[in-house]
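Notes for the structure review
Listed below, chain by chain, are the residues.
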Amino acid sequence: KNIQLDITKATQFLQADAIAAYEPKVKAAQEALENGTCPGNDFLGWLHLPSSITPDFIGELNATAQVLRENCEVVVVAGIGGSYLGARTVIEALSNSFQWLLNDKKNPVILFAGNNIGEDYLAEMCAYLADKKFGVINISKSGTTTETALAFRLLKKQCEDQRGKDMARKVIVAVTDAQKGAARTTADKEGYKSFIIPDNVGGRFSVLTPVGLLPIAVAGFDIAQLVAGAADMEKATAVDVPFMENPSAVYAACRNALYAEGKKIEILVNYQPKLHYLNEWWKQLYGESEGKDQKGIFPAAVDFTTDLHSMGQWIQDGERTIFETVISIEQPNHKVLFPSDDENLDGLNFLAGKRVDEVNKMAELGTQLAHVDGGVPNMRLSVPVLNEYYLGQIIYFFEKACSISGNLLGVNTFNQPGVEAYKKNMFALLNKPGYEKESEAIRARLNK
Ligand code: PA5
């Protein structure tokens, strides 16, 4: 059974033939992807990636993961954007919600760094690591990203000081470009084990490369199953699958049809706190892929029912420019029944004997009805259970849909020219060598 997309609560806001009208455009978009004729066609390595990953490669990743697992109580994953969000999504979705409080001798604690420039964050992390046997996975495709490089310099030094050069060499792994960048230079010079990020896979499409697979394996999860789920979704969304049976095609069509009707904001919704980072990964995937040329649906996200008590008001009653896509997990992995209480002081005996998830599901259904009544189109992605296999399906489903959707919008889905603007200013302000002219210009501007 695959994940299922239901668009009936969205199409009621559209003309009867609105989705069908997208069929030829979606087909053309899919063919352009397959034939490599779309904009950004040098970044299509993710398209048939799941089906091309071999058991040997999974074995090599698991073997390296095992070295880290055997030699580290804590593993720090240094990376930002596409170089960390996918791994964090899967690890948080599958881990115990209180993982960091468990005295789990089987699995190392996974920490994330290099995704911000918070001095307190780094200071507190380094202090926590001071008495730990820790290792580092340094992930950067360019190998030069400031946030990650900064954290890695600190972590490398601390690891060498604490554990000695030889052990540091064993527990530091690089995931980077085959040739370019400082991360590659360092890895080669120090003799770190390293994995290559293929040239033709962009950051936000790289979770099924070692960028995501290695940290996920280190955390103790089954990467073969993750890849199997993605490979099955690759088949389910292939170019020869009829339009209405292809969930990625239908999702891409539906969100673009809604956008054309003035629904400029899409809100990804979950009802499981463990999926918070799926929101973050999805926001990056869609925001960085589509938000260009002054176009693009703004990707927002909420965790329900938590955010029903905050953003719920806006969604129910605010400006009618939004639609929702809900990720619904059919079966939780645990079972908790509400107990009966003789005194019933809290008045909750009407729930006695019910599962907590039944209440969650009724909250979900009640919210869907209320939001649709309030003018918010609603799509729903139903996922049988939260495990590696279905996370693999979800990842590939969204990647494929994003690439079709970007094509429908008429943008290059795979570039991100807009992210350079802040870097240029930051480097100019920090007097980075090579930025002398920009430094001068920016100072003149600030001193005006
Ligand atoms: O999607 C992207 O390409 C970006 O978000 C990158 O993943 C991010 O900027 C990190 O880049 P790098 O892996 O080069 O450090």
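Worth saying up front: this structure is predicted, and the values here are computed from it rather than measured.

Take the overall build of the chain next. On a plain count of helices and strands, the chain comes out with 17 helices and 10 strands. Taken along the three principal axes of its C-alpha coordinates, the chain extends 60 × 60 × 55 Å. Out of the 448 residues belonging to the chain, those deemed buried represent 42%. For the chain, the share of sequence-separated contacts (at least 6 apart) that also reach a separation of at least 24 residues comes to 79%.

Taken in spatial order, the five strands make up an open sheet running β3-β2-β4-β5-β6, and their pairing is parallel. Two strands bound the open sheet, and with one partner strand each, they are β3 (109–113) and β6 (193–196). Within the sheet, the average angular offset between the axes of one strand and its neighbour, ignoring direction, is 20°. As paired elements, strand β2 (residues 74–78) and β3 share five bridges and run parallel to each other. By the bridge assignment for β3, V76 is matched with L111. Contacts from helix α7 (residues 146–171) reach β2, β3, β4 (134–140) and β5 (172–176), with the element oriented near 135° to β4. Along the sheet face, helix α9 (residues 210–218) touches β2, β3, β4, β5 and β6 and points at about 155° away from the line of β5.

What follows concerns the site of the ligand. Around the ligand lies a shell of 14 residues, among which G81, G82, S142, T145 and G203 are the nearest. When its residues are assigned to classes, the shell around the ligand shows one nonpolar, 10 polar and three charged.

Sequence positions flagged by UniProt for "active site" (unreviewed entry) are, in local numbering, E288 and K423. In this structure, E288 sits in helix α12 (residues 276–290). Taking the number of C-beta atoms within 10 Å as the measure of exposure, E288 has 23 and is therefore buried. With respect to the element layout, K423 can be found in helix α16 (residues 420–429). The class for K423 is exposed, based on 12 C-beta atoms found within 10 Å.

Here we come to the packing of helix α11 (residues 247–260) against helix α15 (residues 388–409). Helix packing for two helices is described by the angle between their axes and how far apart those axes are. Interhelical geometry of α11 versus α15 gives an angle of 45° and a closest axis separation of 8 Å. Relative to α15, the element α11 is oriented oblique. When you trace α11 past α15, the crossing you get is right-handed. Residue-level inspection shows P247, S248, A249, Y251, A252, R255 and N256 of α11 in contact with α15, the latter providing F397, K400, A401, I404, S405, L408 and L409.

Between the first and last C-alpha of helix α17 (residues 436–447) there are 17 Å, a value that for 12 residues agrees with the 16 Å anticipated at 1.5 Å per step. Across the 12 residues that make up α17, only a small minority, zero, are buried.

Let us look at helix α2 (residues 23–35). The terminal C-alpha atoms of α2, which comprises 13 residues, lie 18 Å apart, in line with the 18 Å expected from a rise of 1.5 Å per residue. Those residues of α2 that sit buried are V26, A29, Q30 and L33. An end-on view of α2 places all buried positions within 95° of arc, on one side of the element. Residues of α2 that are exposed and point over 90 degrees away from its buried face: P24 and N35.

Note: most residues except glycine have negative phi, and most peptide bonds are trans. Here the amide bond leading from F304 into T305 is cis, since omega sits at 5°, within 30 degrees of zero. Relative to the elements of secondary structure, T305 occurs in the loop between β8 (298–303) and α13 (312–317). For Q294, which is not glycine, the phi dihedral falls at a positive 60°. Structurally, Q294 can be placed in the loop between α12 and β8. C-beta crowding within 10 Å serves as the criterion here: with 5 such atoms nearby, Q294 is assigned to the exposed category. You will see that N344, though not glycine, has its phi angle at about 50°, which is positive. Structurally, N344 can be placed in the loop between β9 (322–331) and α14 (356–373). Here N344 falls in the exposed class, since 11 other C-beta atoms lie within 10 Å of it.

Turning our eyes to something else, we now look at the packing of helix α5 (residues 85–94) against α12. Where α5 meets α12, the axes come as close as 8 Å, and the angle between the chain directions of the two elements is 160°. If you check the angle between α5 and α12, you find them roughly antiparallel. As for how α5 packs across α12, the hand of that crossing is left-handed. In this structure, α5 contributes L85, G86, R88, T89, E92 and A93 to the contact, and α12 contributes H276, Y277, L278, E280, W281 and Q284. In terms of residue class, the contact of α5 with α12 is built from five nonpolar, four polar and three charged.

Another aspect to go through is the nonpolar core. Counting residues in each nonpolar core, the largest one holds 120 residues, and the members touching the most others are V77, A78, L214, I216 and C254. Considering every element that reaches this core, the biggest residue donor is α15, with 12 residues. When near neighbours in sequence (up to four residues on either side) are disregarded, L214 contacts L61, T64, A65, I137, V173, V175 and F195.

Let us look at the pairing of β6. Two elements, β5 and β6, share four bridges in a ladder whose sense is parallel. Counterpart to A174 in the pairing with β6 is S194. Where the polypeptide runs from β5 across helix α8 (residues 182–190) and back to β6, its parallel neighbour, the crossover connection is right-handed.

This brings us to the sheet that holds strand β1 (residues 4–6). Hydrogen bonds between backbone atoms are what pair the strands of a sheet, whose relative direction is either parallel or antiparallel. Ordered by their spatial adjacency, five strands build an open sheet running β1-β10-β9-β7-β8, and the pairing between neighbours is mixed. The open sheet has two free edges, formed respectively by β1 and β8, since each of these has just one partner strand. Within the sheet, the average angular offset between the axes of one strand and its neighbour, ignoring direction, is 20°. In this sheet, strand β10 (residues 378–385) lies alongside β1 in antiparallel orientation, the contact comprising three bridges. The residue bridging Q4 from the neighbouring strand is S382, located in β10. Lying over the sheet, α11 contacts β1, β7 (265–270), β9 and β10, oriented at roughly 25° with respect to β1.

Criteria and thresholds
- Residues numbered from 1 in each chain as written.
- Predicted model: local features only at pLDDT ≥ 70, side-chain atom pairs only at ≥ 80, totals over all residues.
- Helix = DSSP H or I, 4+ residues; strand = E, 2+ residues; numbered from the N terminus.
- Buried ≥ 20, exposed ≤ 12 C-beta atoms within 10 Å, placed from the backbone.
- Contact = placed C-beta atoms within 7 Å.
- Pairing = 2+ DSSP bridges.
- Axes fitted to C-alpha atoms, helices over the stretch in contact; angles between N-to-C directions.
- Near = placed C-beta within 6 Å.
- Nonpolar A, V, L, I, M, F, W, Y, C, P; charged D, E, K, R; others polar.
- UniProt positions renumbered as here; feature names shortened; annotations may be inferred.
- Parallel < 35°, antiparallel > 145°, perpendicular 65-115°, else oblique.
- Left-handed = near helix turned anticlockwise from the far one by under 90°.
- Expected span 1.5 Å × (residues − 1).
- Arc of directions from axis to C-beta.
- Core = buried A, V, L, I, M, F, W, Y, C linked by C-beta atoms within 7 Å.
- Right-handed = clockwise from strand over helix to strand, strands pointing away.

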